[in-house]
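Listed below, chain by chain, are the residues.
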Amino acid sequence: MLSACGKQEPQAENPAAVALPSVAHYQEFHTEIQNFCSHCHLCPDPGILTKEAWRMQIPREYAHFEQNPSPSLRVPPESEVIQYFVSQAPESHRLPKQNPHPDTSPIRFRKQVIPRTDSKLLPATTHLNWISDTSPHELLLTDMGSGETGRIRFAAEQPEYELLANLKHPAHIERVDLNQYQQHDYLIADLGSFGPEDHDRGTVSLLTFNHETYSWRTQTLQDHLGRVADVKAADFDLDGDLDLIVAEFGWQKTGRLLYLENVSAAKTDLKFKQRVLDSRHGASHVLITDWNHDGRPDFVTLFSQEHEIIDAFLNEGNGQFRKETIYQAPHPAYGSSSISLVDLDQDNDIDLLYTNGDTMDSFELRPDHSLQWLENKGAFPLTHHPVAPLTGAYCATHGDFDGDGDIDLAACSMTWDYKEQRNTLVWYEQRSPGQFRAHPLDFSMGQHPVLTAGDFDGDGDPDLAVGNFEGRETDQRDKTEWFSIWWNEGLQKQE
């Protein structure tokens, strides 16, 4: 995100053209802009946005600054700043070429569309989570439009959906045993609103099964939060119970990274003590891992908005965490959209997959949207490797799709209101260490914010589940597709 004012409808602006300062004062004005912009985020290069985008974006930046002004900071004239960026920006971006006829892939995927149970509702899938480490295996789903949280189990390639609960606007679901009853519960992060707002309606909830009524019960663990995008559980203080890390995305004035220490006196009465670990808004993803192999769980967080940074929080015990930068994006309009853990080079340490392609930061498609690999070489920050460009890149996953022993990748894209066909789902074959060949699977106007890989049919190779998101009525897209399963049918026969 370019700023906390992102994720709102663009408004047309037509500022009067103002001449730039003379050549003699140009460098001084450049330094002034650098100082002003860097007060909140990295100062962007004019070339990252088009002229039209700058005309809309800069007034929003000034409006955001005026909400929390800094009296000691000299504010350059808005009209001159607009002209400074517009004069150096391109008229349009040159985007990566799309492939309307997906090339021959060494393996074949067969798509199965899973429709909504209520066809009157637009699909708004926000999370797909394949659980395979414990039995039963199941695919978990959240839909922020309908409020549904559910699970899908597979029998003879037939996905069977079960509704767990109707909530407000769930964004993330995890299977846990939070109350240690030796049964599966579901931990839910709820945004509290469909669109971006500053409010206190975000929640963290737990779904538990009542064997007497044979139904699921929703228990609120934490409320009066900003928009909660993610929540994960681990025993961070090593006292035998599960604590929580909450990514409170928020919006302009709200948003934090929270540590909820489990201080429950009894399993039947869960209580948590809240502490702010980071006051920045825009926290969207939390990944739990023991990064440094010291036996204490650590975690990784992605902050988008204007921050565009991935940080590791290393557990030092007693509820204390040391922050290390994993990757800092090159500019504040990067559009960070997802992170996931992977040991891509299979050297027994933790790497990251990273996508950037959120088009609601600048309301335009950009050539730097892509899939990336952050390689762990034993030091911070991690080593950055571009994998492939992907317009609107929104989520990535991994698996040995072709069965050759190395790790392949897959990614999906979402471009919101852009009504053009493009490659929305691609798998990337690892041909040699760190080198990938793209195999587009879909060319359409589909909107896919999430995907996950898993061996859903138990035949030994990973399949794909891909979520669909149609936040608005349109006559040009398939409103009935909720998510799809792309069955991996193995190597194609050579003619």
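Residues numbered from 1 in each chain as written. Predicted model: local features only at pLDDT ≥ 70, side-chain atom pairs only at ≥ 80, totals over all residues. Heavy atoms only, no water.

**Student:** What exactly am I supposed to notice about the sheet that holds strand E23 (residues 408–413) here?
**Tutor:** Whenever strands of a sheet pair, they do so through backbone hydrogen bonds, lying parallel or antiparallel. Taken together, the four strands give an open sheet; going across it, the order is E22-E23-E24-E25, and neighbouring strands pair in antiparallel fashion. Every interior strand has two partners, whereas the edge strands, strand E22 (393–399) and strand E25 (435–444), have only one. Averaged over all pairs of adjacent strands, the angle between their axes in this sheet comes to 20°, without regard to strand direction. Where strand E24 (residues 422–432) meets E25, nine bridges bridge the pair, whose relative direction is antiparallel. Of the residues in E25, the one forming a bridge with Leu425 is Asp442. (Pairing = 2+ DSSP bridges. Helix = DSSP H or I, 4+ residues; strand = E, 2+ residues; numbered from the N terminus. Axes fitted to C-alpha atoms, helices over the stretch in contact; angles between N-to-C directions.)

**Student:** Just checking my understanding: could you explain the sheet that holds strand E27 (residues 463–467) for this structure?
**Tutor:** Strands sit in the order E1-E28-E27-E26 across an open sheet of four strands; the sheet is antiparallel. The open sheet has two edge strands with one neighbour each: strand E1 (107–115) and strand E26 (451–454). Averaged over neighbouring strand pairs, the angle between their axes works out to 20° when direction is ignored. Pairing between E1 and strand E28 (residues 481–491): eight bridges, direction antiparallel. Looking at the pairing, Val113 lines up with Ser484 of E28.

**Student:** I'm lost on the pairing of strand E19 (residues 351–356) in this one. Help?
**Tutor:** Regular strands have side chains that alternate between both faces of the sheet. In terms of burial, E19 is largely enclosed, as six of its six residues are buried. Here E19 shows a buried face lined by Asp351, Leu353 and Thr355 and a second buried face lined by Leu352, Tyr354 and Asn356. The sheet contact formed by strand E18 (residues 336–342) and E19 spans six bridges and is antiparallel. Along E19, the bridge assignment pairs Ser340 with Leu353. (Buried < 20%, exposed > 50% of the residue type's maximum accessible area, 1.4 Å probe, protein only.)

**Student:** Before we go on, may I ask you to explain helix H2 (residues 51–67) in this structure?
**Tutor:** Residue pairs three or four apart in sequence face the same way in an α-helix, which turns once every 3.6 residues. If you check H2, its first and last C-alpha atoms are 25 Å apart, about what 17 residues at 1.5 Å a residue would give, namely 24 Å. Of all 17 residues making up H2, twelve are buried, and the element is well covered by its neighbours. Residues Lys51, Ala53, Trp54, Met56, Gln57, Ile58, Pro59, Arg60, Glu61, Tyr62, His64 and Phe65 constitute the buried set of H2. (Expected span 1.5 Å × (residues − 1).)

**Student:** Can you help me understand the nonpolar core in this one?
**Tutor:** Side chains of nonpolar character tend, in soluble globular proteins, to be buried together. Counting 19 residues, the largest nonpolar core has Ile33, Leu49, Trp54, Ile58, Val81 and Phe85 as its most contacted members. If you list the elements that add at least two residues to this core, you get helix H1 (23–37), H2 and helix H3 (78–88). Other than its neighbours up to four places away in sequence, Ile58 contacts Glu78, Val81, Ile82 and Phe85. In this structure, Ala312, Ala329, Tyr334 and Leu382 belong to the second largest nonpolar core, which totals 17 residues. (Core = buried A, V, L, I, M, F, W, Y, C linked by side-chain atoms within 4.5 Å. Contact = heavy atoms within 4.5 Å.)

**Student:** What is the right way to read the environment of Gln183 from this model?
**Tutor:** With respect to the helices, strands and loops of the structure, Gln183 is situated in the loop between strand E6 (170–176) and strand E7 (185–190). Spatially, the C-alpha atom of Gln183 lies 8.5 Å from that of Phe209, the residues being 26 residues apart in sequence. Ignoring any residue separated from it by four or fewer positions in sequence, one finds Gln183 in contact with Val176, Asp177, Phe209 and His211.

**Student:** I tried to follow the packing of aromatic side chains on my own but got confused; where do I start?
**Tutor:** Centre distance and the angle of the planes are the two values used to describe a pair of aromatic rings. Summed over the entire model, instances satisfying the criterion amount to 26 aromatic pairs. Both rings, one in Tyr84 and one in Phe85, keep their centres 5.1 Å apart while their planes meet at 85°; by these two values the pair is edge-to-face. By the burial criterion, Tyr84 is buried, and Phe85 matches it. Considering the side-chain rings of Tyr161 and Trp482, the 5.1 Å spacing of their centres and the 70° angle between planes classify their relative orientation as edge-to-face. Residue Tyr161 is found in strand E5 (residues 158–166), and its partner Trp482 is found in strand E28; the two are separated by 321 residues along the sequence. By relative accessible area, which is 27% here, Tyr161 ends up partly exposed. (Phe/Tyr/Trp six-rings, centres within 6.5 Å; stacked < 30°, edge-to-face > 60°.)

**Student:** Mind showing me how you'd approach unusual backbone geometry here?
**Tutor:** When glycine is set aside, most residues are seen to have a negative phi, and most peptide bonds are trans. Cis peptide bonds are those with omega within 30 degrees of zero, and the linkage from Ser135 to Pro136 qualifies with 0°. Omega for the peptide link from Phe380 to Pro381 comes to -10°, which places this bond in the cis form. Summarising the element assignment, Pro381 is placed in the loop between strand E20 (370–375) and strand E21 (383–389). The backbone of Gln182 sits at a positive phi, close to 60°, despite the residue not being glycine. Among the structural elements, Gln182 can be located in the loop between E6 and E7. Judged by its relative accessible area of 72%, Gln182 falls in the exposed class.

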